[in-house]
Amino acid sequence: MFVLSVGNKRYPTITNASTKVNRHANISEQFNNFYPAHTIFFMQNYLKLLGFLKNHKKLFSLAVMAMFVASLFEGVQWSLLVPLTDRIFNKKLIVVPNQVPSFVAEIIGRLNAVDPATLLSILPGFVLVLMVMKNAVVYFHQLLMNDVSQRVMRDIRYDLYTKIQNLSLDYFSEKRT
């Protein structure tokens, strides 16, 4: 009787392993040393789950776009707040970087032309409108993502139910349920 070694485990075999099997076993051991078995197993399951998402591409794409727009609102909200408060309280002009689109330079020029007292009366309403718009987009994103997740769960349950219903009666007589 011969012994086959895979990783740290040894298995008894009836026949001698061929040299091709040993060579492939060595490659497999190198692969398993680089990627642990639980990582490979997890990735296979993850890819199977991603397969259920293919029927809901449009809804998922719309949810991702809403997430992107919400992140843009977040960035615009905080990046505008600091220069505007400097303009209002310190009466500093907003400095234009060298490489900005022309419409941004025009908006900054208009903001520099407005009196700081007028900006103080406009800024709270502007920030409030931005926050409401951002939160509306975040709500829309979360609503779509929840809808996608519920649909994927429904598909998984349906496939599992179909699989169980299509099993033979011999399976249920042999296996305990």
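These lines cover the structure that appears in this document, whether it is placed above or below.

About the cut-offs
Residues numbered from 1 in each chain as written. Predicted model: local features only at pLDDT ≥ 70, side-chain atom pairs only at ≥ 80, totals over all residues. Heavy atoms only, no water. Salt bridge = Lys/Arg side-chain N within 4 Å of Asp/Glu carboxyl O. Helix = DSSP H or I, 4+ residues; strand = E, 2+ residues; numbered from the N terminus. Buried < 20%, exposed > 50% of the residue type's maximum accessible area, 1.4 Å probe, protein only. Phe/Tyr/Trp six-rings, centres within 6.5 Å; stacked < 30°, edge-to-face > 60°.

1. Examining the pattern of salt bridges
If charged atoms from side chains of opposite charge come close, those side chains can pair. All told, the structure shown has four salt bridges when counted by the stated rule. Across the salt bridge formed by glutamate 106 and arginine 110, the nearest N and O atoms sit 2.9 Å from each other. A residue pair is termed a helical-turn pair when its members lie 3 or 4 positions apart in one helix, as glutamate 106 and arginine 110 do in helix H4 (residues 102-113) at four residues. Judged by its relative accessible area of 46%, glutamate 106 is partly exposed.

2. Topic: the packing of aromatic side chains
Under the criterion given, the structure shown has one aromatic pair. Both rings, one in tyrosine 171 and one in phenylalanine 172, keep their centres 5.4 Å apart while their planes meet at 80°; by these two values the pair is edge-to-face. The class of phenylalanine 172 is partly exposed, set by a relative accessible area of 32%.

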